[in-house]
Amino acid sequence: MNHFHYKQGELHAEGVSASRIAREFGTPCYVYSRAALETSFAAYQQALADVPHLICYAVKANSNLAVLDILARQGAGFDIVSVGELERVVAAGGDPAKTVFSGVGKTAGEMRRALELGIHCFNLESAAELEVLNRVAGELSLVAPVSVRVNPDVDARTHPYISTGLRENKFGVTMDEALRVYRRAAELPNINVQGLDCHIGSQLTDLSPFIDALHRLLGLVDQLAAEGIEIRHLDLGGGLGVRYRDEEPPAIADYVAAIRAELGDRELTLVLEPGRSIAANAGLLLTAVEYTKPTPEHNFALIDAGMNDMIRPALYQAWLDIQPARHVAGREAKTWDIVGPVCETADFLGKGRELAITDGDLLAVFGAGAYGFTMSSNYNSRPRAAEVIVDGEQLHLARRRETLEDLLRGEQRLPDGG
Ligand SMILES: Cc1ncc(COP(=O)(O)O)c(C=O)c1O
Ligand SMILES: N[C@@H](CCCC[NH3+])C(=O)O
């Protein structure tokens, strides 16, 4: 079911028209469909229903409290990469006991808070981090559950900036190093080995890199078992891609089925950390055309959303579908570059788009539910957009638009005479 659809020429998010959302909350505005979030999460749950599992939604994809709340109510666990994300999970009613902590640079303070809250597992990314965690857990008289994140050296065949599982990437440890880290972990008094972890990249549209990585991980599980180190859960990270344009990623059910086939009848709890495949197509960015500006080279449509609101096109050359929120009959289509107000040439959301649009039109940028708002910034001192949840006919303001006062909060001039 498509939760964003056109009815009588006008875009609707579930039962609510785009123009009503813009009227009530202004633009730019992120719009998320509750049903879409629930549907994609449920696809993971159904595919894993009869095996021990934990689905840890990757908070970095979309960390709005209402989004986390929706997923927590469905029983989601969470994958976090900072204490800030952990506090969001707690504030949203998520369960720390279903939370895994990834990230290459966890600080001692972050570890302390996570230990106090009793998270499910720390995904360790280095031998040095293991020592710090053991010390911090010791200070608290606690035992830290750990996995080691291995870097299986497989090519995820995705954009180089979001590929994480190659030897040259900063993430995880090599397979050889992992053996040494596990041996050391097994000796430490405040560490309890629980699992094995990897995450090879994001927006993968092919199953084979996942299966290659899993293969390598299972080899390590066996090697560890031979040394008496038992691995109870296997965390394969996230990374399943979505369709933004014409990509053909596997369906969630097929992705999970392929992993399960590879696991066979091993008694391992499967942990997954999906982000994009849950949130990307559950959200869009509504924006208005402020000006149209034909030039000898290009027709520019200057919109009120910029790269500070959605950086993916500038950062990864990502292609996002952009459509007018209302189809007006009889208008002539032209080729447009859809650009924002930020003072950077990279500030575009789409280039060379055939669209019948004019000044004042409302546009929708699709596929914006993941890595949209969470990567937004105040660059050019632009307040960040509102975030809205659509739930059937209901609209819920999930985060109000920042005000100019918000922008100045926490800053101070020098003292008088300084
Ligand atoms: C450790 C880890 N887990 C999970 C994810 C979520 O990935 P995705 O949004 O591609 O599912 C990421 C981001 O790529 C990550 O770095
Ligand atoms: N931010 C990236 C995904 C990277 C995920 C972090 N490991 C994107 O928008 O595609």
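None of the values given here were measured: they were computed from a predicted structure.

How each quantity is defined
Residues numbered from 1 in each chain as written. Chains lettered and ligands numbered in written order. Predicted model: local features only at pLDDT ≥ 70, side-chain atom pairs only at ≥ 80, totals over all residues. UniProt positions renumbered as here; feature names shortened; annotations may be inferred. Helix = DSSP H or I, 4+ residues; strand = E, 2+ residues; numbered from the N terminus. Near = placed C-beta within 6 Å. Nonpolar A, V, L, I, M, F, W, Y, C, P; charged D, E, K, R; others polar. Buried ≥ 20, exposed ≤ 12 C-beta atoms within 10 Å, placed from the backbone. Pairing = 2+ DSSP bridges. Domains from an automatic or database assignment. Contact = placed C-beta atoms within 7 Å. Arc of directions from axis to C-beta. Axes fitted to C-alpha atoms, helices over the stretch in contact; angles between N-to-C directions. Parallel < 35°, antiparallel > 145°, perpendicular 65-115°, else oblique. Left-handed = near helix turned anticlockwise from the far one by under 90°. Core = buried A, V, L, I, M, F, W, Y, C linked by C-beta atoms within 7 Å.

## Comments concerning the UniProt feature "active site" (unreviewed entry) in the protein chain
Step number 1: The UniProt record marks C343 with the feature "active site" (unreviewed entry), using the residue numbering of this structure.
Step number 2: Structurally, C343 is set in the loop between β16 (334-339) and β17 (348-355).

## A closer look at the site of ligand 1
Step number 1: Ligand 1 sits among 15 residues. The nearest are A58, S202, G238, G275 and R276.
Step number 2: Looking at the shell around ligand 1 residue by residue, the classes come out as four nonpolar, eight polar and three charged.

## Thoughts on the pairing of strand β2 (residues 10-13)
Step number 1: Only one face of β2 is buried: it carries L11 and A13, and the other face, with E10 and H12, is open.
Step number 2: In the sheet, strand β1 (residues 4-7) pairs with β2 via four bridges, with the strands oriented antiparallel. The residue bridging K7 from the neighbouring strand is E10, located in β2.
Step number 3: Counting the residues between successive antiparallel strands, the hairpin from β2 to strand β3 (residues 16-17) contains two residues, one of them, E14, with a positive phi of roughly 45 degrees.

## Structural notes on the sheet that holds β2
Step number 1: Taken in spatial order, the three strands of this open sheet run β1-β2-β3, and their pairing is antiparallel. Across the chains shown, the open sheet's two edge strands, defined by having one partner strand only, are β1 and β3.
Step number 2: Here β2 pairs with β3 via two bridges, running antiparallel. Within β3, the position partnered with H12 by the bridge is S17.

## Looking at the pairing of strand β4 (residues 29-33)
Step number 1: Among the five residues in β4, five count as buried, and that is most of the element.
Step number 2: Taken together, the four bridges between β4 and strand β13 (residues 283-294) define a ladder with antiparallel strand orientation. Of the residues in β13, the one forming a bridge with C29 is L286.
Step number 3: Bridge count for β4 against strand β19 (residues 386-391) is five bridges, and the pairing is parallel. Its bridge partner lying in β19, C29 is registered against A386.

## Thoughts on helix α3 (residues 65-73)
Step number 1: Turning to α3, its buried residues number three or more, namely A66, V67, L68, I70 and L71.
Step number 2: Once α3 finishes, G75 follows within two positions and takes phi at roughly 100 degrees, a positive value.

## Topic: the domain arrangement of the protein chain
Step number 1: Here the domain parsing of the protein chain yields domain 1 (4-31 + 280-408) and domain 2 (103-272).
Step number 2: One C-alpha centre belongs to domain 1, the other to domain 2, and the line joining them spans 36 Å.

## What about the environment of R232?
Step number 1: Among the secondary structure elements, R232 is positioned in the loop between α8 (208-226) and β11 (233-235).
Step number 2: Along the backbone, R232 and Y244 are twelve residues apart, and their C-alpha atoms lie at a distance of 36 Å.
Step number 3: Those residues in contact with R232 that lie beyond four places of it in its chain are Q194, G195, L268 and T269.

## Some points on helix α4 (residues 83-91)
Step number 1: By the burial criterion, the buried members of α4 are E85, L86 and V89. Projection of α4 onto a plane perpendicular to its axis shows the buried side chains occupying an angular sector of 105 degrees, all on one side. Relative to its buried face, α4 has exposed residues pointing more than 90 degrees away, namely G84 and A91.
Step number 2: Taken together, the buried residues of α4 touch α3, β6 (77-80), β7 (99-101) and α5 (108-117).
Step number 3: Phi turns positive, to about 85 degrees, at G93, one or two residues after α4.

## Considerations on the packing of helix α2 (residues 34-48) against α3
Step number 1: Between α2 and α3, the least distance of the axes is 10 Å, while the angle of their chain directions is 45 degrees. Relative to α3, the element α2 lies oblique. Relative to α3, the crossing made by α2 is right-handed. Contacts from R34, L37, E38 and F41 of α2 reach α3 at V67, I70 and L71.

## Here's the deal with the environment of A47
Step number 1: Its location among the elements puts A47 in helix α2.
Step number 2: C-alpha of A47 to C-alpha of R260: the two residues are 213 residues apart in sequence and 9.4 Å apart in space.
Step number 3: Contacts of A47, omitting those with residues within four sequence positions, involve I252, A253, V256 and A257.

## Brief notes about the sheet that holds strand β9 (residues 144-149)
Step number 1: Pairing in this closed barrel of eight strands is parallel, and the strands run β5-β6-β7-β8-β9-β10-β11-β12 around the ring. Put simply, the sheet's adjacent strands are angled 30 degrees from each other on average, direction ignored.
Step number 2: Across three bridges, the pairing between β6 and β7 is parallel. Counted as the bridge partner of D79 is V100 from β7.
Step number 3: α4 contacts β6 and β7 of the sheet and is inclined by roughly 160 degrees relative to β6.

## Looking at the nonpolar core
Step number 1: Counting residues in each nonpolar core, the largest one holds 117 residues, and the members touching the most others are V31, L37, L133, V146, L286 and V365.
Step number 2: With six residues, the single largest contributor to this core is α8.
Step number 3: Domain assignment of the residues forming this core places at least three in each of domain 1 (4-31 + 280-408) and domain 2 (103-272).
Step number 4: When sequence neighbours within four positions are dropped, the list of residues in contact with V365 reads L284, L285, T287, M310, L320, I322 and L349.

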